[in-house]
Structures are given as structure tokens and as C-alpha cells.
Amino acid sequence: MLALAVAVQCTASGCASFVRNGIADPVLAEKAHVTGVPGVRFWADDVPTDAMAEIRRMTPNLPIIAREAKRGDGRRPIVETLALSGGGSDGAFGAGVLAGWSARGDRPEFEIVTGVSAGAIIAPFAFLGPAHDEELRGIWTEYQASDIATAQIIPGLFGGSALADSKPLANLVAKYVDRSMMRAIAAQYKRGRLLLVLTTNLDAQRPVVWNMGEIALFDTDEALELFRSVILASAAIPGALPPVNIPVEVNGKMYEEMHVDGGTTRELFVTAVQAPFKAFDPLYAAPPIRHLYIIKNGKLTPETEVVSQTTLTIATRAISTLIKSQNWSELYRIYRMALDAGADFNIMAVPASFTKPLNGLYDPEYQKALYAEGITAGHAGVWLKSPPGQAPISVVPSKPPAPAAKPRTLLPPSMSRPGASAPSQSPAKQPAIGESAGDTLANRPVASTN
């Protein structure tokens, strides 16, 4: 009981915590930039009035996107986006899907790849193509838990920043993400391809999108360190792994921002800022044909189990339920964005039939089985055309508005004409909540085979 009381007191008072020079002023936070590597990130929750002006201001070296992409009707570029979600150990599924898709023979060269948390670890390899599938297999199936993190439970409870030390994971990231990889990513960026990774700025409580190709262009030791730090931060599960402090500068003064798991704010994303797909059309030589592929590293459907009546188990279950609910909302928003832009929407997730239990934060046997499951799914190539639980929606042109009714003069009964009757007026049908006037439900198939 004494130990518990001390732990609670330390948590409340910041016992043994380190003083950090963070940014408390939101105005200053808006102006912060990484010294020596300017123009490499966006607030992912920004809703700019002019999305293109904001992107061009923040990324002066941005090339014409998809300038070497395949061409469709009317010579429009075909833009294929891959979004890789968070999911911890379930990242093995995404790695397997990519390998199975490569073996199938129709995996695209994606013009845009985005990653969050586990997806951020996968994203650079997915961006560079099937030649890196074997490295992904090794990362997700060949390492032990001790190769990822080492426990530090007592320090974590008594004023530390996490229950485990992520230095092993940092070493693993450094092993694979070297200068050669960064230069390869820079070369692809110059071709008009984007690699984007999301972290959460915990001080500001806001998601941050990092343009990894822009970082790679700098080709310095500082840029390589930042590149690695962003990936590590995106995967830093709060409480389990320590946050990553990123040095920034404002008005000539240095500060530290605290960045953690991107999944704290978003499990997945498809655009750098909050704007419709069509707002980004000026980035392309012509308005593109869009194909969107989402790999959810986890299950989308509810999973029923009897929860033990203990504090930690209840809290863990509640947090996982919250994340799943948040993910449904985010998926629906992206689905609506795709419909509004006429984009092709595709999603794949860990099937409900996969029931092997996970033992610990990093379980090699679980991940080998899930990687094999991903290979099967990727090779089959069956993608859902709408989020599970969401009736597919077809957008149809709105009917022209009916002519306005002529105004009537209401006369007292004594002045009304014999035999006259007032014209009947039926109220217009209102759209259902969450449905626009031009939307109808259609019996579209929910799965297709590439």
C-alpha cells in the first residue's frame, strides 16, 4: 500500500521528472521549425482556406506530384495512395500483405505512402518497393521482445517517462534506415512521389505530418537523425515506450517538442492537411484519377471477450475500444472524402477468423502467424469497397430544386370566396442525419478482386 501511495503521489507531483524546455504558448508553437531542416512538416489538423498556398509555403522544394505516373483517359495521371495504419505488433499483417501483393504481381508503385506508428516503420520499405519485402519480413518476424525494448517498470512508475526503454528499437531503426535508404527516398521524391509519416505533438495535443522526402533531400547527419527520430516517435506508444523530444527553434531560441505515437491522434491519414482531395489537384499536371488503398494493421470488427475485473485489464480494454471507435470515425471520414472526389476506395484488415493470442508487447510467434495471414490476404487481393458496418453510398446528381410556391394571401373567413380552397403544400423530404441531399443508398458489392 505504501508503494502504491508513493507511486500515485509521484505521478501527481512529477516526482523525479526532468525539466524540459517545452513550448507553452500556442502562438510560438505555430512558428516552431526544426533548425537546419525547414519546411518539412504540417499540422495535420489544419483546415487552411487555401490548401495549395499553405503546402507551397511549407514545402518550397515540392515537385510536381505523380509526374511519372501511369496515365488514364485523357492523359490524366493515375495516383495510387497507400495508407498504413497503426497497430503495434499487428504491423506484421501489413508487412505480409505487401509481400503477398508483390507475389501476386499487380502491386502498384504508389505515388503517395502514409504511415502511422507500426505503419510508419513499414512505410519507407513500402515506398521503395517490393525489393525491400524481405527486410520487412525480417523486422516483423525475426526479432525477440528484448530486441525492441527493455523493461524499466520501477523507474517508469516512479517518475520515468515509460515502462520500457526503446533504445533497442532505436538501434533497429538505425540499422535499416541508413544514408543509402534516405538517398533512395530523396530520389523518389524528386520523381514526384510522397512519403508521409504522422506523429503526435503531445505538448500541443495535435497531429504532425512529416514530409520524409523533403527531410531526405537535405542529406546531412542532422537530417538522417531527424528521419529516424520521426519514425521512432510515431511508434512510441505512450506509457509503454518513451517519447521522442525533437529540438526546434522559434525566433532564435531553442525548445524541445515532445512527440509520441501518431495513433494518439490518428490511426491513419491520407492527406497532409485537412482538405478535400480535389483541393490538391493543382499539385498535378492534370486532375488525377485516384485509387486509395488502406491497410489496417488490426481488426476492424468488434472482438468479444470476458474482461478480468482488474484495474489494468479494464483500462487496457477501454483504451483499445476507444482507439477502435476512433478508427471507425476516421475511416468513414476518408470514405466520404473518396466518394466526394470520385476516388476508388479499398481497405483490408486483419480478418476476424485470425484468433492466435498475443503474449506481450512483441510476440514473435504471434507475428509470424499474422505475417503469414497477411501474405494470404495480399495474394488473394480482395479489398472491401467500404468500411465494415457502413452501407455503401452512391453519390448521384441532385435534382433541380422545385419552383417556389406562389405566396398566398390568407383572408378572414368572412372574406373568402365561396367554393375556393387553399392549395395543398407537402413539406419537402429532408435528408437523414449524416446524409447529404444528393446521397442514396445503393446495393453495391462490398468486395472486389484486383
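The structure displayed is predicted, hence computed values, not measured ones.

This next bit is on the overall build of the chain. Each helix and strand in the chain was counted, giving 13 helices and 15 strands. When each of the 450 residues of the chain is scored for burial, the buried share is 46%. Sequence separation of at least 24 residues holds for 77% of the intrachain contacts in the chain that already meet a minimum separation of 6. Carbon and sulfur atoms provide 59% of the accessible area of the chain, an area that totals close to 22700 Å².

In contact at an axis separation of 9 Å, helix H5 (residues 118–128) and helix H6 (residues 133–141) are set at 155° when each is read in the N-to-C sense. Overall, the two elements H5 and H6 adopt an arrangement that is roughly antiparallel. Judged by the twist between their axes, the crossing of H5 over H6 is right-handed. Residue-level inspection shows Ala118, Ile121, Ile122 and Phe125 of H5 in contact with H6, the latter providing Glu135, Leu136, Ile139 and Trp140. In terms of residue class, the contact of H5 with H6 is made up of seven nonpolar, no polar and one charged.

All right, on to unusual backbone geometry then. Positive phi, normally seen in glycine, also occurs at Ser117, with a value near 55°. Here Ser117 is to be found in the loop between strand E3 (112–116) and H5. The backbone of Gln205 shows a phi angle near 55°, a positive value even though the residue is not glycine.

The subject of this paragraph is the pattern of salt bridges. Applying the stated criterion to the full structure yields 21 salt bridges. Linking Glu134 and Arg137 is a salt bridge whose minimum nitrogen-to-oxygen distance equals 2.6 Å. Residue Glu134 and its partner Arg137 are both found in helix H6; the two are separated by three residues, about one turn of the helix. Classification of Glu134 by relative accessible area gives partly exposed; the value is 48%. The class for Arg137 is partly exposed, based on a relative accessible area of 24%. Ionic pairing is found between Lys296 and Glu267, a salt bridge with its closest N-O pair at 3.2 Å.

Below, the discussion takes up the nonpolar core. Counting residues in hydrophobic clusters, the biggest one holds 74 residues, and the most contacted among them are Trp210 and Phe227. For Trp210, the residues in contact, after removing those within four places along its chain, are Val34, Val40, Arg41, Leu195, Leu196, Val197, Thr199, Ile215, Leu226, Val230, Ile246 and His259.

The next subject is the environment of Leu268. By secondary structure assignment, the location of Leu268 is in the loop between strand E9 (253–260) and strand E10 (289–296). Here Leu268 falls in the buried class, since its relative accessible area comes to 0%. Taking the C-alpha atoms as reference points, Leu268 and Gly86, 182 residues apart in sequence, are found 6.8 Å from one another. With sequence-adjacent residues up to four places away left out, Leu268 is seen in contact with Ser85, Val116, Ile294, Asn327, Glu330, Leu331 and Ile334.

Counting all residues, the mean pLDDT for the chain is 81, and 79% of those residues have values of 70 or more. Confidence, expressed as mean pLDDT per element, reaches its minimum in the chain at strand E14 (residues 439–441) with 36 and its maximum at helix H4 (residues 91–104) with 98. Across residues 1–17 the pLDDT falls below 50, and counting only partners more than four positions away or on other chains, this stretch makes eleven contacts in the model. Per-residue pLDDT stays below 50 along residues 154–158; that stretch engages in eleven contacts with residues further than four places along the chain or on separate chains.

The subject of this paragraph is the packing of aromatic side chains. Going through the model one piece at a time under the given rule, you end up with nine aromatic pairs. Seen from their ring centres, Phe110 and Tyr293 are 6.3 Å apart, and the 70° between their planes marks the pair as edge-to-face. Highlighted residues: Phe110 in the loop between H4 and E3 and Tyr293 in strand E10, separated in sequence by 183 residues. The same class applies to Phe110 as to Tyr293, namely buried. Taken together, the ring pairs connect Trp101, Phe110, Tyr293 and Trp383 into an aromatic cluster.

What follows concerns the side chain of Asn201. For Asn201, the location among the structural elements is in strand E6 (residues 194–201). Of the residues examined, Asn201 reaches a relative accessible area of 2% and is grouped as buried. When near neighbours in sequence (up to four residues on either side) are disregarded, Asn201 contacts Trp43, Arg206, Val208, Glu257, Met258 and His259.

Let us now look at the pairing of E3. Most of E3 sits inside the fold, with five of its five residues counted as buried. Covered by surrounding structure in E3 are Ile112, Thr114 and Val116 together with Val113 and Gly115, the residues of both alternating faces. Across four bridges, strand E2 (residues 78–84) lies against E3 in parallel orientation. Residue pairing for E3: Leu82 is matched across the bridge by Val113. In the sheet, E3 pairs with E6 via five bridges, with the strands oriented parallel.

Here we take up the environment of Glu54. Checked against the element boundaries, Glu54 lands in helix H3 (residues 51–58). Taking relative accessible area as the criterion, Glu54 reaches 18% and is therefore assigned buried. Along the backbone, Glu54 and Val273 are 219 residues apart, and their C-alpha atoms lie at a distance of 9.0 Å.

Rules and cut-offs
- Residues numbered from 1 in each chain as written.
- Predicted model: local features only at pLDDT ≥ 70, side-chain atom pairs only at ≥ 80, totals over all residues.
- Heavy atoms only, no water.
- Helix = DSSP H or I, 4+ residues; strand = E, 2+ residues; numbered from the N terminus.
- Buried < 20%, exposed > 50% of the residue type's maximum accessible area, 1.4 Å probe, protein only.
- Contact = heavy atoms within 4.5 Å.
- Areas by Shrake-Rupley, 256 points an atom, 1.4 Å probe, with all protein chains shown as cover.
- Axes fitted to C-alpha atoms, helices over the stretch in contact; angles between N-to-C directions.
- Parallel < 35°, antiparallel > 145°, perpendicular 65-115°, else oblique.
- Left-handed = near helix turned anticlockwise from the far one by under 90°.
- Nonpolar A, V, L, I, M, F, W, Y, C, P; charged D, E, K, R; others polar.
- Salt bridge = Lys/Arg side-chain N within 4 Å of Asp/Glu carboxyl O.
- Core = buried A, V, L, I, M, F, W, Y, C linked by side-chain atoms within 4.5 Å.
- pLDDT = per-residue confidence, 0-100.
- Phe/Tyr/Trp six-rings, centres within 6.5 Å; stacked < 30°, edge-to-face > 60°.
- Pairing = 2+ DSSP bridges.

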